[in-house]
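Understanding the architecture of this molecule
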Amino acid sequence: MPELPEVETICRGLTQFCVGAKVVGVRVYRAGFIKGSKNHRDLFDTLTVARVHRQGKQFALESVCGRALLFHMGMSGSLTVWPSGSTPAKHVHVLWSLARNNTHFELHHKDPRRFGYVRPYSSMQKIREDVWSRLGPDALCVQVDDLVSIFKNKKLSAKACLLNQSNIAGVGNIYADETLFQSAIHPLRRAGSLSRPELVKLIHHLQLILNRSIWGGGSTIQDHQDAAGKSGTFQNCHQVYGRGGLPCMKCGAILKQTLCSQRTTVFCAICQPRRTQK
Ligand SMILES: [Zn+2]
């Protein structure tokens, strides 16, 4: 599933291509992909895109009249811009035809594994109240004091605490492992045992890594593409994710691999010691 940098990359592309564009047609190839509505007008038909909003790994388009579309990218979803009249690839479930400044183009929502969806809402306020109210602060904006109160007295592991979207929104397996490695924090340390200076370090590395990944167009492990169809490059900068059994890039020790919250977790036992917990 795309994490914050991949979703932010998609959102920046949609802002560039789609804001100010009017939807002049919608084709739905798989009805079940649309949740909660069967009306094409709810899919922005005849409406103009006004803004793109993101919270953690989720994003939505808002029209000039205030209606909104919430997107879920599933495990392998992509939302890419194509010239008008393009033949949709296999697994494209929704196709929007758009026009801006006399230029016509299309937006194709493809999802081979079908875990994603599109859900229309009457307003962004409704999305914020019904869906995003369950999410914690966005990982790019979370403050040290927020993190201190999120981690305080938590008995679960530091990694599980980072992965829980109701604590912090946007961090998944890649960026949790990379952040904990750079912060020299063992992923299985009890969250409540982290000191304020350790959390200051964690937030610094978290936001640095997320921003670097956004700058690199996100991490393309399998399917991630930006709106222009370009793959990300940050996978080439991963220090631990996907490298279990290979040498640590800092100390040369063999990286360990374990399970945490049912997710494969890679760390260096030398660089991320599991200190005595209180
Ligand atoms: Zn190491």
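Above: the structure in question.
Residues numbered from 1 in each chain as written. Predicted model: local features only at pLDDT ≥ 70, side-chain atom pairs only at ≥ 80, totals over all residues. Heavy atoms only, no water.

Once that is clear, we can look at the coordination of the zinc ion. Protein-derived coordination of the zinc ion comes from Cys248 (SG), Cys251 (SG), Cys268 (SG) and Cys271 (SG), at a distance range of 2.2 to 2.4 Å. What the four donor atoms of the zinc ion show is an angle range of 101 to 113 degrees at the metal, which sorts the shape as tetrahedral. All donors of the zinc ion come from a single chain, and their spacing in sequence reads C-x2-C-x16-C-x2-C. You can see Cys248 sitting in the loop between helix H6 (196-215) and strand E9 (256-260) and its partner Cys268 sitting in the segment after strand E10 (263-267), a full 20 residues away along the chain. This pair shows no difference in class: Cys248 is buried, exactly as Cys268 is. (Donors = N, O, S within 2.8 Å, 3.2 Å for Na, K, Ca; no water. Tetrahedral: all angles 85-135°; square planar, octahedral: opposite > 155°, others 65-115°. Helix = DSSP H or I, 4+ residues; strand = E, 2+ residues; numbered from the N terminus. Buried < 20%, exposed > 50% of the residue type's maximum accessible area, 1.4 Å probe, protein only.)

Let us now look at the pattern of salt bridges. Here the structure, examined in full by the defined rule, presents ten salt bridges. The partner of Asp42 in a salt bridge is Arg67, with the nearest N and O atoms 3.0 Å apart. Placement of the pair is Asp42 in the loop between strand E1 (22-28) and strand E2 (49-55) and Arg67 in the loop between strand E3 (58-63) and strand E4 (68-72), with a sequence separation of 25 residues. Taking relative accessible area as the criterion, Asp42 reaches 17% and is therefore assigned buried. A residue is classified by how much of its surface remains accessible, and Arg67, at 24% relative accessible area, is partly exposed. In the salt-bridge network here, residues are joined through shared partners; they are Glu8, Arg12, Arg54 and Asp138. (Salt bridge = Lys/Arg side-chain N within 4 Å of Asp/Glu carboxyl O.)

Time to look at the environment of Cys251. Inspection of the secondary structure puts Cys251 in the loop between H6 and E9. Residue Cys251 is classed as partly exposed on the basis of its relative accessible area, which comes to 37%. C-alpha of Cys251 to C-alpha of Ile270: the two residues are 19 residues apart in sequence and 7.6 Å apart in space. Sequence-distant contacts of Cys251, that is, excluding residues within four places in its chain, are made with Cys268, Ile270 and Cys271. (Contact = heavy atoms within 4.5 Å.)

For the pair helix H5 (residues 173-182) and H6, the least separation of the axes is 9 Å and the interaxial angle reads 130 degrees. Relative to H6, the element H5 is oriented oblique. Between H5 and H6 lies a crossing whose hand is right-handed. Residue-level inspection shows Tyr175, Glu178, Thr179, Leu180 and Gln182 of H5 in contact with H6, the latter providing Leu202, His205, Leu206, Ile209, Leu210 and Ser213. The residue makeup of the contact of H5 with H6, split by class, is six nonpolar, four polar and one charged. (Axes fitted to C-alpha atoms, helices over the stretch in contact; angles between N-to-C directions. Parallel < 35°, antiparallel > 145°, perpendicular 65-115°, else oblique. Left-handed = near helix turned anticlockwise from the far one by under 90°. Nonpolar A, V, L, I, M, F, W, Y, C, P; charged D, E, K, R; others polar.)

Attention now goes to unusual backbone geometry. Within the chain, Thr46 stands out as a residue other than glycine whose phi angle is a positive 75 degrees. Within the fold, Thr46 resides in the loop between E1 and E2. Look at Gln262: it is not a glycine, yet its phi comes out positive at around 60 degrees. Note on placement: Gln262 falls in the loop between E9 and E10. In this structure Gln262 comes out as exposed when scored by relative accessible area, which is 74%.

The subject of this paragraph is the sheet that holds strand E5 (residues 78-83). An order of E1-E6-E7-E5 is seen for the four strands of this open sheet, with the pairing classed as antiparallel. Each edge of the open sheet is held by one strand with a lone partner, namely E1 and E5. Strand-to-strand twist in this sheet, taken as the mean axis angle between neighbours without regard to direction, amounts to 20 degrees. Where E5 lies against strand E7 (residues 103-110), six bridges are found, and the strand directions are antiparallel. Its bridge partner being in E7, Pro83 is matched across the sheet by Phe105. (Pairing = 2+ DSSP bridges.)

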